[in-house]
Amino acid sequence: MPKIHVVDVPEFSGLIECARGQEGVRVSETRKGYITISSDEELVFTRRGCGFKPALWYTCLSGGIDGSIREYGRDTLRIGEKVAG
Amino acid sequence: MLTNADAKVQGPAIETAVALKGVHHTARPTWKLKETVHFYRDVLELKLCHAICARGWGPDDHPDFIHFFFESGQGSTIAFFYYLQTAQPVDNVPQGSFVYNSVHTAWRVDTREELLAWKEKLEGKGFEVMQVPHEILESIYVTDPNGYAVEIAWQTRAMNAYDEVDARLTLEAAISIENETGDRVQAIDDIWKRKARMVDAYLAESE
């Protein structure tokens, strides 16, 4: 189950909203400053969907990830189940 | 006159709080005197407010120099050293590279309108200006005649307690990887993965 933590600050709100709009994606309440996004399937975000400029896009995982990054290009981010080992 | 030994015995008469109160000056060397004065005084229109013109500075091998300052707001100044009879050393870090540009100072403005006004002013004087929206900063960059990156930045929001916790966990994650591997961190993913576990633990702690 891929999961990411996102700091609950205004600049990351686009990512949170993008997650809330996706079926099957769980978005927690804010707990001690962090919002946790998780899914039983792959987590997929697009930069345009988040409304992010490149600088913000490339820092949006800084809250931490539990999973494996399968794609993290200029426009698409895909995080899957973590790989054992 | 008190000696250091006396001071140790007597201790300070009054405890004075130790705190920093913002920037007094940043200082960098210059080998382009008139160009630097022109850029900071005439282009940026900062007041040339102080200069020291000195013969050496104590040690025999210290060259004579001019140390001059431009006002940069809130009591801060931008300072330069112009050393006489001193050749500019060859810099091992290529000018314009990201490592070279990492050594810079960002000067604060209060509003986005002010930031854009600076951009317009500099572009109007023929300078190339790069504008970048970061995380909590929106910045413009211009290169001075020395090749130094000058950043002017507007902070979009105040930093808060969440930022503080998150910064601590990020650095603890990276340092713990260094400690375990005995090496520098090799992959940003490793920090993010380590940090997720640390955030899990932090969230599991009682409030």
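Predicted, not measured: the structure shown is a model, and the values here were computed from it.

Participant: Quick one: what's the story with unusual backbone geometry, residue by residue and with numbers?
Facilitator: All names here are of chain B. Notably, Glu-45 is not glycine yet its phi reads approximately 60°, a positive angle. Relative to the elements of secondary structure, Glu-45 occurs in the loop between helix H2 (33-43) and strand S2 (48-54). Judged by the 9 C-beta atoms lying within 10 Å of it, Glu-45 falls in the exposed class. Positive phi, normally seen in glycine, also occurs at Gln-85, with a value near 50°. With respect to the helices and strands, the residue Gln-85 is situated in the loop between strand S4 (77-83) and helix H3 (98-102). Of the residues examined, Gln-85 has 7 C-beta atoms within 10 Å and is grouped as exposed.

Participant: Give me the sheet that holds strand S3 (residues 34-39) of chain A: which residues, what numbers.
Facilitator: The pairing of strands in a sheet happens through backbone hydrogen bonds and is either parallel or antiparallel. All names here are of chain A. Taken in spatial order, the four strands make up an open sheet running S2-S3-S1-S5, and their pairing is antiparallel. In this open sheet, the two strands that pair with only one neighbour each are strand S2 (25-27) and strand S5 (65-66). As paired strands, strand S1 (residues 3-7) and S5 are joined by two bridges and run antiparallel to one another. From the neighbouring strand, Ile-4 faces S5, where its bridge partner is Ile-65.

Participant: Lay out the sheet that holds strand S6 (residues 130-133) of chain B with the relevant residues and their values.
Facilitator: Residue and element names in this part refer to chain B. Pairing within the open sheet is mixed, and its four strands lie in the order S5-S8-S7-S6. Two strands close off the open sheet at either side, each with one partner strand: strand S5 (105-109) and S6. Pairwise comparison of adjacent strand axes, ignoring direction, gives a mean angle of 25° for this sheet. One ladder, built from four bridges, connects S6 with strand S7 (residues 137-143); its direction is antiparallel. Following the sheet pairing, Val-132 is matched in S7 by Ser-139. Contacts from helix H4 (residues 112-124) reach S5, S6, S7 and strand S8 (149-155) within the one sheet, and its direction differs from that of S7 by about 20°.

Participant: Could you give an account of the nonpolar core, with specific residues and numbers?
Facilitator: Counting residues in each nonpolar core, the largest one holds 27 residues, and the members touching the most others are Ile-4, Val-6, Leu-15, Ile-37, Phe-45, Cys-60 and Ile-65 of chain A. No other element matches helix H6 (residues 188-204) of chain B, which puts five residues into this core. By size, the runner-up hydrophobic cluster in this structure holds ten residues, among which are Phe-39, Leu-44, Phe-68 and Tyr-82 of chain B.

Participant: Could you give an account of H2 of chain B, with specific residues and numbers?
Facilitator: All names here are of chain B. Taken together, the buried positions of H2 are occupied by Thr-36, Phe-39 and Tyr-40. One face of H2 carries all of its buried residues, which in axial projection span an arc of 80°. When the buried face of H2 is taken as reference, the exposed residues oriented beyond 90 degrees from it are Lys-34 and Asp-42. Contacts made by the buried residues of H2 are with strand S3 (65-71) and S4. Looking at the residues trailing H2, positive phi occurs at Glu-45, about 60°.

Participant: Pulling in residues and values, what's your account of the confidence of the model for chain B?
Facilitator: For chain B, per-residue confidence averages 92 on the pLDDT scale, and residues scoring 70 or more make up 93% of the total. Here the predicted complex scores 0.87 on pTM and 0.95 on ipTM.

Participant: Residues and numbers for the domain arrangement of chain B, please.
Facilitator: For chain B, the assigned domains read domain 1 (23-85), domain 2 (95-158) and domain 3 (161-204). Look at where the C-alpha atoms of domain 1 of chain B and domain 3 of chain B centre, and you get two points 40 Å apart.

Calculation notes
- Residue positions within a chain follow its written sequence, with the count starting from 1.
- Key to labels: chains lettered from A, ligands numbered from 1, both in the order written.
- Only residues with pLDDT of 70 or above have their local features reported here, since the model is predicted, and side-chain atom pairs are shown and tallied only from 80 upward, although totals for entire chains, interfaces and linings are computed over all residues.
- In this text, helices come from DSSP runs of H or I with a minimum length of four residues, and strands from runs of E with a minimum of two, each type numbered from the N-terminal end.
- Our exposure labels follow a C-beta count within 10 Å of each residue's own C-beta, placed from the backbone: buried means 20 or more other C-beta atoms, exposed means 12 or fewer, and partly exposed covers the counts in between.
- The rule for pairing is simple: two strands pair if DSSP sees at least two bridges between them.
- Axis angles are defined between N-to-C directions and span 0 to 180 degrees, where every axis is a line fitted to C-alpha atoms and, for a helix, only to the segment in contact.
- In this description, any two residues whose backbone-derived C-beta atoms lie within 7 Å of each other are considered to be in contact.
- The term nonpolar core refers to a set of buried Ala, Val, Leu, Ile, Met, Phe, Trp, Tyr and Cys residues connected through C-beta atoms within 7 Å.
- As used here, the arc is the angular range of directions from the helix axis to the C-beta atoms.
- A residue's pLDDT is the predictor's confidence in that residue, given on a scale from 0 to 100.
- Where each domain begins and ends is defined by an automated method or by a domain database.

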